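This is what each chain is made of:
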Amino acid sequence: LSVTELFPLQVIFEHEGIFLHPSPDEGSPDQDLLVSGSLRIIEKDAEILVEYRPLEDSVDPSNMLCAGQDSSSVVEWGQSAGEKSQSRQLLETQQSYETEWDMVNAVSFKKKNYTNGDHERSRWAFSVNISDLKSITVKEEGWTFLILQLKDSSSSIPALHFHQGGSKILILFLYFCSTFDETRLLVSTPSKALSQSFENLLDDNNFGLVHKFKRDPYVTTLGSFSKVTNYIYDALRGTEEQQQQRPPEEVADLLGEVIPGLEINQQEEPGFEVITRIDLGTRPQVSRAEPVSADEWSKHQDPEGRIENEAALRQRIFKGGLCHAMRREAWKFLLGYYPWTSTLEERKSLQKAKTDEYFRMKLQWKSISEEQERRNSRLRDYKSLIEKDVNRTDRTNRFYEGLNNPGLTLLHDILMTYCMYDFDLGYVQGMSDLLSPILFVMENEVDAFWCFVSFMDQMHQNFEEQMQGMKTQLIQLSTLLRLLDLAFWNYLESQESGYLYFCFRWLLIRFKRELIFSDVLRLWEVMWTKLPCQNFHLLVCCAILDSEKQKIMEENYGFNEILKHINELSMKLNIEEILQKAEGIYLQIRSCKVGVKFSSPLCDPRHHGNATPRDLRLPQNSCRGVFTS
């Protein structure tokens, strides 16, 4: 078979969102340069080529945001040259309430001047014949990146960074394509089981796989991806006899090796109760309301600025959210930065005190010399992680887009200052995702920092080294789903998905990467009302899964298909429908009837449900907060 016969289509594989991180050693004029592009595997003139093409930089400089040198607020540049000049003059004369901290707060931005912008982008493009590739090395640094080594050691290819996934499928395409040149790429990964699975992949029914690849390279590769992943789990499961002998806690430990930080304790703990009969009633229909307007908000304030009838206002925000104009003020109350009972004057005093406290902490890291930094490995590590994460956080959002964006500078400074505030935790990947929407709404460094501190107080356990918060939430979610829909839970369990690890990202950063940016703002403000229960986000998870269960079960999705399907929901979810369903599930649980007496006050007998004669064991603390109204 010729290559042309095997590949009637020119493009075999294409994947966007692959990044290069050029260093000064590689000729980059800027150590912070991040090059985004697309990679294709194509058939051209009877050869298979791997091509990388950087994306064109389409940022309009007139839409950049600028931070004043004497202010921690972000303001927008005008559209015309004259307006920009006026804005700059305004920034130079503007006096903020933290003027005494100007020496710390000054934000300057260098402008990168390229004499030939197209040349700077195109210089990172490359094309290589697949027969010239020797090996692929897979490495992890919070995300996956691939190092492609050429047979000619005198040449090199920049590392390919996959911030948004997709690396394993690319490896399989390259692996398959290399077989047609009677060569086989060496694949080196951190996982011994995964490396071995690549070695064994084509040994099993090799001829059949080649012909399947000829007919449909994409589907065949995805099928082989399932085979690679299943190999890991086959290695973990062992033989049928071994499965029967292994205690549940050992299986949980093995799974924990595949999913770091998700060790699930299967042993029964004291304090379990037995539910013998549950009657889950009909789920009520729920409607949403209009967002709270500025006029409505002002009606809840007395002449001195105190919030009146806080409970009713929280309920309105839960049912309808906030209009965007009110978020900057209302979020400070929802997050606990402002007390609900404070007057306007008290809030001004609080803000001034918090400004002083913030800049004292910011001065701590701003004043560290290079010599001191060389002797502080933890701070260096935090700083390195922050710089990498900031450069890829919400870069498609106008507030953060473009090179040398002041919004990114504020994002960086707040995260660095948080390391001074909580040095034990410091910075963990994912925290930039939590800060980004808050800074976007506040448009002020100090206010954004203290709102972020309050949010992190809620999310702290998610990012601790033992990730106890994540473990607890996954156990609670699994328990809740089992009670709500035992049939679906059993199906997931049969597909080795009962631990709901595919919900990990949902819980870790509160759906930040699953929803469009405006929907993230709506969901978070609803959750911050703490209505109708503390852990409403778990019911949001159940609502999403309830919407997808029919397709998952009818299509008989396995482990990999479930994971792929859930990942592909990103940016396709309707937040208002999800909130309606989540509230409906809560009301349904509230009204269910249980035929057993509970001794624990943490477990209200009205708050669990799915009709089944089978006894269900429920940990007493599993519904703490979830069902507290």
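Refer to the preceding data block for the structure.
Rules used throughout
- Residues numbered from 1 in each chain as written.
- Predicted model: local features only at pLDDT ≥ 70, side-chain atom pairs only at ≥ 80, totals over all residues.
- Heavy atoms only, no water.
- Helix = DSSP H or I, 4+ residues; strand = E, 2+ residues; numbered from the N terminus.
- Buried < 20%, exposed > 50% of the residue type's maximum accessible area, 1.4 Å probe, protein only.
- Contact = heavy atoms within 4.5 Å.
- Areas by Shrake-Rupley, 256 points an atom, 1.4 Å probe, with all protein chains shown as cover.
- Core = buried A, V, L, I, M, F, W, Y, C linked by side-chain atoms within 4.5 Å.
- Axes fitted to C-alpha atoms, helices over the stretch in contact; angles between N-to-C directions.
- Parallel < 35°, antiparallel > 145°, perpendicular 65-115°, else oblique.
- Left-handed = near helix turned anticlockwise from the far one by under 90°.
- Nonpolar A, V, L, I, M, F, W, Y, C, P; charged D, E, K, R; others polar.
- Salt bridge = Lys/Arg side-chain N within 4 Å of Asp/Glu carboxyl O.
- Phe/Tyr/Trp six-rings, centres within 6.5 Å; stacked < 30°, edge-to-face > 60°.
- Lys NZ or Arg CZ within 6 Å of the ring centre and 35° of its normal.

Let's talk about the overall build of the protein
Logical step 1: Secondary structure assignment for the protein yields 26 helices and 14 strands.
Logical step 2: For the protein, with 629 residues in total, the buried portion stands at 51%.
Logical step 3: Contacts spanning at least 24 positions in sequence make up 70% of the contacts within the protein whose residues lie at least 6 apart.
Logical step 4: Accessible surface, the protein as shown: approximately 29900 Å² in total, 48% of it carbon and sulfur.

With respect to the nonpolar core
Logical step 1: Ranked by size, the top nonpolar core spans 110 residues in total, and within it Trp297, Ile438 and Phe536 carry the most contacts.
Logical step 2: In this structure isoleucine 438 touches Trp331, Leu335, Ala448, Cys451, Phe452, Phe455 and Trp528, once residues within four positions along its chain are discounted.
Logical step 3: Core analysis: the next-biggest nonpolar cluster, separate from the first, contains 29 residues, Ile12, Leu20, Tyr52 and Leu150 among them.

Topic: the packing of helix H18 (residues 431-442) against helix H19 (residues 445-463)
Logical step 1: The interhelical angle for the contact between H18 and H19, taken along N-to-C directions, is 155°, at an axis separation of 9 Å. Here H18 lies roughly antiparallel to H19, going by the angle between them. Crossing geometry of H18 relative to H19 is assigned as right-handed. Across the interface between the two elements, Met431, Leu434, Leu435, Ile438, Leu439 and Met442 from H18 touch Asp447, Ala448, Cys451, Phe452, Phe455, Met456, Met459 and Phe463 from H19.
Logical step 2: For the contact of H18 with H19, the per-class residue count stands at 13 nonpolar, no polar and 1 charged.

With respect to the pattern of salt bridges
Logical step 1: Evaluation of the coordinates by the stated rule reveals 29 salt bridges.
Logical step 2: The partner of arginine 283 in a salt bridge is aspartate 546, with the nearest N and O atoms 3.2 Å apart. Of this pair, arginine 283 sits in the loop between strand S12 (278-279) and helix H11 (294-298) while aspartate 546 sits in helix H24 (residues 536-554), and the two are 263 residues apart along the sequence.
Logical step 3: Here aspartate 433 ties to arginine 513 by a salt bridge, and the two come within 2.6 Å at their closest N and O atoms. One end of the pair, aspartate 433, is in helix H18; the other, arginine 513, is in the loop between helix H22 (504-508) and helix H23 (517-528), with 80 residues separating them in the sequence.
Logical step 4: Overall, arginine 513 belongs to the partly exposed group, its relative accessible area being 37%.
Logical step 5: A single network of salt bridges, built from pairs that share partners, joins Arg283, Asp485, Asp546, Lys549 and Lys581.

Brief notes about the packing of aromatic side chains
Logical step 1: As enumerated under the stated definition, the model contains 24 aromatic pairs in all.
Logical step 2: Taken together, a centroid distance of 5.9 Å and an interplanar angle of 50° make the contact between tryptophan 524 and tryptophan 528 tilted. Of this pair, tryptophan 524 and tryptophan 528 both sit in helix H23, 4 residues apart, which is roughly one turn of the helix.
Logical step 3: On the basis of relative accessible area, tryptophan 528 is assigned to the buried category, the value being 1%.
Logical step 4: An aromatic cluster is defined as three or more aromatic residues linked by ring pairs; in this entry it consists of Tyr358, Phe359, Tyr418, Tyr421, Phe449, Trp450 and Phe452.
Logical step 5: Above the plane of the ring of tryptophan 450 lies lysine 354, whose end atom (NZ or CZ) is 4.1 Å from the centre.
Logical step 6: The lysine or arginine in question, arginine 482, covers the ring of tryptophan 489, its NZ or CZ lying 4.8 Å from the ring centre.

Structural notes on the packing of H24 against helix H26 (residues 575-590)
Logical step 1: Where H24 contacts H26, the two axes come as close as 8 Å, and the packing angle between them is 110°. Accordingly, the angle class assigned to the pair H24 and H26 is roughly perpendicular. On H26, the residues that touch Phe536, Leu539, Val540, Cys542, Ala543, Ile544, Asp546 and Ser547 of H24 are Ile578, Leu579, Lys581, Ala582, Glu583, Ile585, Tyr586 and Ile589.
Logical step 2: Taken together, the residues of the contact of H24 with H26 break down into 12 nonpolar, 1 polar and 3 charged.

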